[in-house]
Amino acid sequence: MDWHRALRRLESDVIKIDVMASDEAEFLATHVPFSNLAVHKGGRTDAPLESWGEEQVYRGLVENEDNQHRLVMVLGSNGAGKSHLIRWLRARFVSSGAAERQGDRVLFVRRLGNTFRGAISQLLDEGVIKNTDLEARLRAFVESADSQDEGLFMSTIHSNFIDQVRNDQEKDTYTAPQRRDIAALLSDSRVREQLMCEQGPITRFYAQIARAAGKVVTGEAGFTPEDFLFERSLIREVQTNGSKEAARYIANLRDEEEREQLTQYLNTFVSAVLNRCANIVQGDTREVFAELRRELKKEGKNLTIFIEDFTSFRNVDSELITVLATEHGGTNADLCRVTAIVGITDGYFAQFRDNFLDRVTHIITVNEAAYGEGAFLKEFASRYLNAIYSSQDLFKVWHRRGADPNHLPVGDFTPPIPWQGVLVAGKHMTLYPFTEKSLLSLYGLLSRKTPREMLRILRDQMSAFINDQMDGVPIRFPATVSGVTLNWRIPEHGTHLDRAGLDNKTRERARTLFCLWGTGDMYETAGSGATHIGGLPASFLRLLDITVGGISQSGGIVTTKTSTNNTSPEPKPATQVISPEQRAHERRKKALEKWYQQSQHLEGSQDFRLMIRHFLASAINWQAEGVPAYIFRKRMDSIIFIQGQQQEGSPERAMVVIERAPQYLDILRGLLEYDFRKGWGKWESSSASYYQLVLAEWIEGMKSMLVKSMLTSKGQEWPMARWAMGVELYRLALFGKLDGKESHLQVLELLLSDENDKPSGLERTSGRWVELAQLLLRKHTDLADNKELLQDIKRTYMGVPGAGGGGNVRLFHTGELLRVFAELESKNWSLEDALSQTASSAISASKTMTVSYELAKDIATRIDEVISDEHAQAKKVLADLRRVLGDRLDKETFDRAGLIMADFLSMLHANQVAYKGVKQADAARLSEECDRFAQLCSVVETMLNETSRRKILAFYSTDPCNLLREVFDIIQRVAKLATEQHELAQSRLAALQPQGDALIDAKTVQERISYLEERIESMGRGRQT
Amino acid sequence: MFERYPDNKLKPEPTPERVMAMLRTLAGGPVARPQLAKMMTLSAESPSSAYNILFDAVRELGFLHEMDGVVTLCLEPAKFADYASLRRTVSGIVFNRPESSFYQMSQEVLALNEEILAADNWEHLANLISNEKFTFNEENVLGWRWWASFLGLGYLHATTFIPNLAVRIRDVLHTADSYPRGTELPAAVFVDKLEALCPESRASRHERILGLGVSNGLRLLAQQGVLEIKNELDAERWSLHYIEVHRINSFTHVVVRGDDHGLA
């Protein structure tokens, strides 16, 4: 095989995406008859439908010996094969001799560049334009389109539109001032630039009318509302620097309705502008064809015209259709009969079909029914392959001899291995290197299912294949079908391929082959002496340098080439009725394969994350791995990361990372199937067992890492229970819930109780204690979380974490709680110590993980300040009391002080001396509660030497020094009263010097006070000595 | 839980975690039974039924002794130093009590082989294993599943059980002296020793075809490198439970690897 020739044939001769560009011999050699053309009589597509073959169309509509007037529209989407059919009809008409026999002038207007210029150029070449003036004008247009600068031509189009607007007299849409504004806007240099940009409307008009041949134009020209949806910056620019008319009008274009109206208005000028640019005036086109028909009539001839794409005549469409639709005879006896076969796209026809309905005699629709069958596709491919594998001369000779389809030559290419083929005109044509399945698969993958698109894909694959034959390495066939997700009939067979050790490119090629060429699996079978894998000959795979073992249906992976199974499994028939659940499942399956094969985002990744979470929750017995159910519940959601997931996240922070790799693909496949089937029972047993194994392997491979990760933060110890317990203990102490005398177990009970009473002991109005307590009150939510953590982190849980149920049974890991308690106790509940054991680099962003840590930090830095503050206050009150009562703050001291003060107050009372600020009961209290005050002083004294933070805080939590401060206050007030009375007595004595009895009374009082003062002072002196 | 069927019933409350919690609490020293209840529940209220069932289960396992109202731990600390140690300790007890409810259910579940795939909830599984000889209900299965998954008979997946004895087999390989490391054992010898150590798996085998749980366990251990499954010519070939796309579906010899492969 001369592969260089084959490549040349492929690239230069045979496969032309624009079929009209190929040589007629190649065209006829590769033409596959259309068999199911939809034919309607008349101009309505809702008329009764008949299904005709192309030969029937030819005989019934093109051959016209009865001289019937015919205007036949051939409808179809872009690439459907309208052109192909029209070209074949024309070739058949000419090569059969019918045209000559009927005396018909055959005019074929091809789709050269799809422009008006191209159409006119052909008419000029055919010599059908008889009017010399018109011919001169049209020649000038064609030549100017050839010679003129593109920009200049577009400027002409642009100026013509402005002229149309300026000269328009119509008043219904816009007033004259408005039209002036519009013209001014169109003239604005910025707007002009926008309209003439690559995607702009003027460029489209230019393409429609004049772009040089060789550049295929698709679509139809016309303004659209989007053309006037200008950028905000452009509008600002025009408003600032443009003419006042343009500035005035451009603001209106912010309104969608205005853009729509302007579009419709300007589109009324399209034909006129394009005609003016083409140097033609109204009536020219009609005249060309009327003149031609008259002349032919005179010559005794008729006209058969084939127009491959009517879009080329868009600007003169009405005129052209009118002249072609005009029936000969009667008042038009000077016109010859015309048979017009006109190709037109569905969309264009729909736009103005109302004008044609009563003029069109037949409508032929080329749709998928005409070419979508397997038989068509096989013949289609085999004819092209035959042409590629054969020399051009072979077909030229055949064409010269009349191109009889029954004598279509078949080249001498023989595939290196026996291969599928198809019988064409009784001759075997190979499909090598395609299979029937591959043709159907590739066709099925097309987004637009047309022969033209199919041809494009065949060309790409053949290009890779032929190039491989010439340079061999690296092999590229089959070429990657971009944007396509390949589906295995048995997904785990895909994994088998993924794990076969092939390099990435070879694996992709193999996957394409097995999924598109083969049966979608990798079963290895032997039949007729040849081994097949996935329905493809093993020898073919070897030729493509794909070395991979298949799977035996009875014995697992095949490592030798002996197998007893000789039948390839047939794909299971597709389910006829698809439920919404099934549809959703298929969508997710597709998304998964797309994620894997095309490195795209995983659509619905949150669903997959949930499946993983549910699986991990139950498949690992977390509690029996030492991970509290609480930790799993709180942490699991945020630690799963799927590469390409739609949610935010990073693999660095995740514990479970699902990479885009074969083993993870199988995990997700397994979970997806399980999720859909709600169990393992409705699978094929071998598949279910396989995915169970895959999942078990995954679990065992990461379990220890996962467990460790759960209990640590960034690999470091994360003693949440210790922090939580420390925080809760201080909360209890500061809120007055401890008395310092509880056993460890009792404290533990309190720590894990649901206690949430109002704090007590916070009546004090100042001090560090209050500050810290208030800080904690402000953080009550965090404290509640901390409490929940402490209660749950060492509570046993019967159930799958996060799956609900399990109850709320109080059964704790008390041994562990006591150990944590003992550790904290041994460190005197030093939170700083507990915190210092964790590096700050280990701090997680998770609130669950940090709530206790952060609270512990808040308390750790303040708690010793609280204790110091309480000690300072205790020392001060003791010092104050000693100052007034002496060093010994025992029972007797308080008793005696109470008695003296009571005595003093009684004396004042007996002498009817009024006083205020102190009561006799206050003084009596010192005596009555002397024991309590003395003990309190003693305990405070002891507490000043206590080291246990827990006990110190429990003691101070009742604010004991406040009582001593009250005692001191009573003494102070009595002493003050005594001083006041002393001074009062002295002043009155002085005033009463001359008055005898009164003087004696006053003196008596003064002496009594002095005596009492001395007693109090002596008590103090006595204690000091 | 762990005593003779049918008098002794499987219940869900005494989970492995709770057994461990009680053992660790008892490790602090002998304690009066009411005090133990108070310690475990950290509450002065009467202990729940869950506590009492747990206490019974720990006693059934022979881990505690009660005399004159004082409860004493009867297990060396090393036997429950961590969950893996506890797992091996419990396995050594419960799989040597063929008459116990737990053993019987384990055996019946493993013998289901691929039939277990159909059980998509626990009640369904209870129905599948109940017959003239044994009757189990959903609650029994709920109790069994915690221990079955803990002791390495398989994995829970929502309301289904995935049989896979990898952990169980690794444990017996870990403790048994009968498997010389690095020695190629014929399939029959390997299986014979395995069934002596994992007697609950015996009923899942059909002649020379190993059951689903054992097969996937061996495949998993082979994947981990704990053992090597070999196919040699001219040797008696045994089959694993068939998985179409797996490379190991039969074997003639097994080599148990040593320290570097997860075995002590």
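Scroll up to find the structure this text is about.
Residues numbered from 1 in each chain as written. Chains lettered and ligands numbered in written order. Predicted model: local features only at pLDDT ≥ 70, side-chain atom pairs only at ≥ 80, totals over all residues. Heavy atoms only, no water.

Draft legend 1. Representation of the interface of chain A and chain B within the structure. Taken together, the contact between chain A and chain B spans 58 residues of the former and 54 residues of the latter. Summed over both sides, the interface of chain A with chain B buries roughly 4700 Å², with 60% coming from carbon and sulfur. Taken together, the connections running from chain A to chain B amount to three salt bridges. Among the ionic pairs, Arg 24 of chain B bridges to Glu 816 of chain A, the shortest N-O distance being 2.8 Å. Inspection of the region where chain A meets chain B yields 25 residue pairs in polar contact (both at pLDDT 80 or more). Contributing elements (two or more residues each) for the side of chain A that touches chain B: helix H23 (491-498), strand E13 (551-552), strand E14 (556-557), helix H27 (605-619), helix H29 (662-677), helix H30 (685-711), helix H32 (744-752) and helix H35 (814-826) of chain A. Per-class residue counts for the side of chain A that touches chain B are 26 nonpolar, 21 polar and eleven charged. (Contact = heavy atoms within 4.5 Å. Buried area = accessible area lost by both parts, 1.4 Å probe. Salt bridge = Lys/Arg side-chain N within 4 Å of Asp/Glu carboxyl O. Polar contact = N/O pair within 3.5 Å; in protein donor to acceptor, adjacent residues only side chain to side chain. Helix = DSSP H or I, 4+ residues; strand = E, 2+ residues; numbered from the N terminus. Nonpolar A, V, L, I, M, F, W, Y, C, P; charged D, E, K, R; others polar.)

Draft legend 2. Seen up close, empty space enclosed by the protein. For the coordinates displayed, the defined rule picks out eight cavities of 30 Å³ or more. A volume near 140 Å³ is recorded for the second largest cavity. Contributing to the lining of the second largest cavity are 15 residues, with Asn 621, Glu 625 and Lys 703 of chain A together with Ser 149 and Phe 150 of chain B lying nearest its centre. Going through the elements one at a time, H30 of chain A together with helix H4 (83-94), helix H7 (138-150) and strand E4 (154-157) of chain B are the ones with two or more residues in the lining of the second largest cavity. (1 Å grid on protein atoms, 1.4 Å probe; cavity = no way out; pocket = protein on both sides within 12 Å on 5 of 7 lines; lining within 4 Å. Points joined across faces, edges and corners; volume = space filled by probe spheres on them.)

Draft legend 3. Inspection of the sheet that holds strand E7 (residues 227-230) of chain B at higher detail. Residue and element names in this part refer to chain B. Strand order in the open sheet made by the three strands is E6-E10-E7, with antiparallel pairing throughout. Two strands bound the open sheet, and with one partner strand each, they are strand E6 (184-186) and E7. Here the strands of the sheet are splayed against their neighbours by 25° on average, with no regard to which way each runs. With three bridges joining them, E6 and strand E10 (residues 253-256) adopt antiparallel strand pairing. Bridge pairing links Pro 186 to His 253 in E10. The strands that helix H9 (residues 187-197) touches are E6, E7 and E10; relative to E6, the one it contacts most, it runs at about 85°. (Pairing = 2+ DSSP bridges. Axes fitted to C-alpha atoms, helices over the stretch in contact; angles between N-to-C directions.)

Draft legend 4. Representation of the pattern of salt bridges within the structure. Residues and elements named next belong to chain A. The full count for this structure, using the stated rule, is 73 salt bridges over all chains. Of the charged contacts in the structure, one is a salt bridge between Glu 287 and Arg 294, with a shortest N-O distance of 2.9 Å. Note on Glu 287: relative accessible area 33%, which makes it partly exposed. With its nearest N and O atoms 3.7 Å apart, the salt bridge here joins Glu 453 to Arg 448. Judged by its relative accessible area of 19%, Glu 453 falls in the buried class. (Buried < 20%, exposed > 50% of the residue type's maximum accessible area, 1.4 Å probe, protein only.)

Draft legend 5. Quick look at the nonpolar core. In this structure, Leu 616, Val 656 and Trp 698 of chain A together with Trp 144 of chain B are the most contacted members of the largest nonpolar core, which totals 332 residues. Counting residues per element, this core draws most heavily on helix H37 (residues 847-885) of chain A, at 16 residues. When sequence neighbours within four positions are dropped, the list of residues in contact with Trp 698 of chain A reads Ile 612, Phe 615, Leu 616, Val 656, Ile 658, Tyr 664 and Ile 667 of chain A. Membership of the second largest hydrophobic core comes to 81 residues, among which are Ile 129, Phe 141, Leu 292 and Phe 313 of chain A. (Core = buried A, V, L, I, M, F, W, Y, C linked by side-chain atoms within 4.5 Å.)

Draft legend 6. Up close: the sheet that holds strand E7 (residues 362-365) of chain A. All names here are of chain A. A sheet is described by the order of its strands in space; here seven strands give the open sequence E2-E1-E7-E3-E6-E5-E4, paired in mixed fashion. The open sheet is flanked by strand E2 (49-52) and strand E4 (104-109), the only strands paired with a single partner. Neighbour to neighbour, the strand axes of the sheet diverge by 20° on average, direction disregarded. Direction of pairing for strand E1 (residues 37-41) relative to E2: antiparallel, over a ladder of four bridges. Bridging across to E2, Val 39 finds its partner in Glu 50. Packing of helix H3 (residues 54-62) onto the sheet brings it into contact with E1, E2, strand E3 (70-76), strand E5 (302-307), strand E6 (338-345) and E7, and relative to E2 it is tilted by some 115°.

Draft legend 7. Up close: a negative patch on the surface. Residue and element names in this part refer to chain A. Together, Glu 226, Asp 255, Glu 256, Glu 257 and Glu 260 line one region of the surface with negative charge. Following the sequence through the fold, Glu 226 ends up in the loop between helix H11 (201-209) and helix H12 (232-241). A relative accessible area of 56% means that Glu 226 is categorised as exposed. (Patch = residues over 30% accessible without salt bridge, like charges linked within 9 Å, V, L, I, M, F, W, Y side chains within 5 Å. Areas by Shrake-Rupley, 256 points an atom, 1.4 Å probe, with all protein chains shown as cover. Lys, Arg positive; Asp, Glu negative; His and termini not counted. Charge placed at Lys NZ, Arg CZ, Asp CG, Glu CD.)

Draft legend 8. Region of the structure containing the pairing of strand E11 (residues 530-533) of chain A. Residue and element names in this part refer to chain A. Of the pairings in the sheet, the one linking strand E10 (residues 524-527) to E11 comprises four bridges and is antiparallel in character. Note on E11: the bridge partner recorded for Thr 525 is His 532. Strand direction decides the pairing type here: E11 and strand E12 (residues 536-537), joined by two bridges, are antiparallel. Directly across from Ile 533, in E12, lies its bridge partner Leu 536.

Draft legend 9. Quick look at the side chain of Glu 379 of chain A. Tracing the backbone through its elements, the reader meets Glu 379 of chain A in helix H19 (residues 374-389). Once residues within four sequence positions are removed from consideration, Glu 379 of chain A is found in contact with Val 32, Pro 33, Val 422 and Val 424 of chain A.

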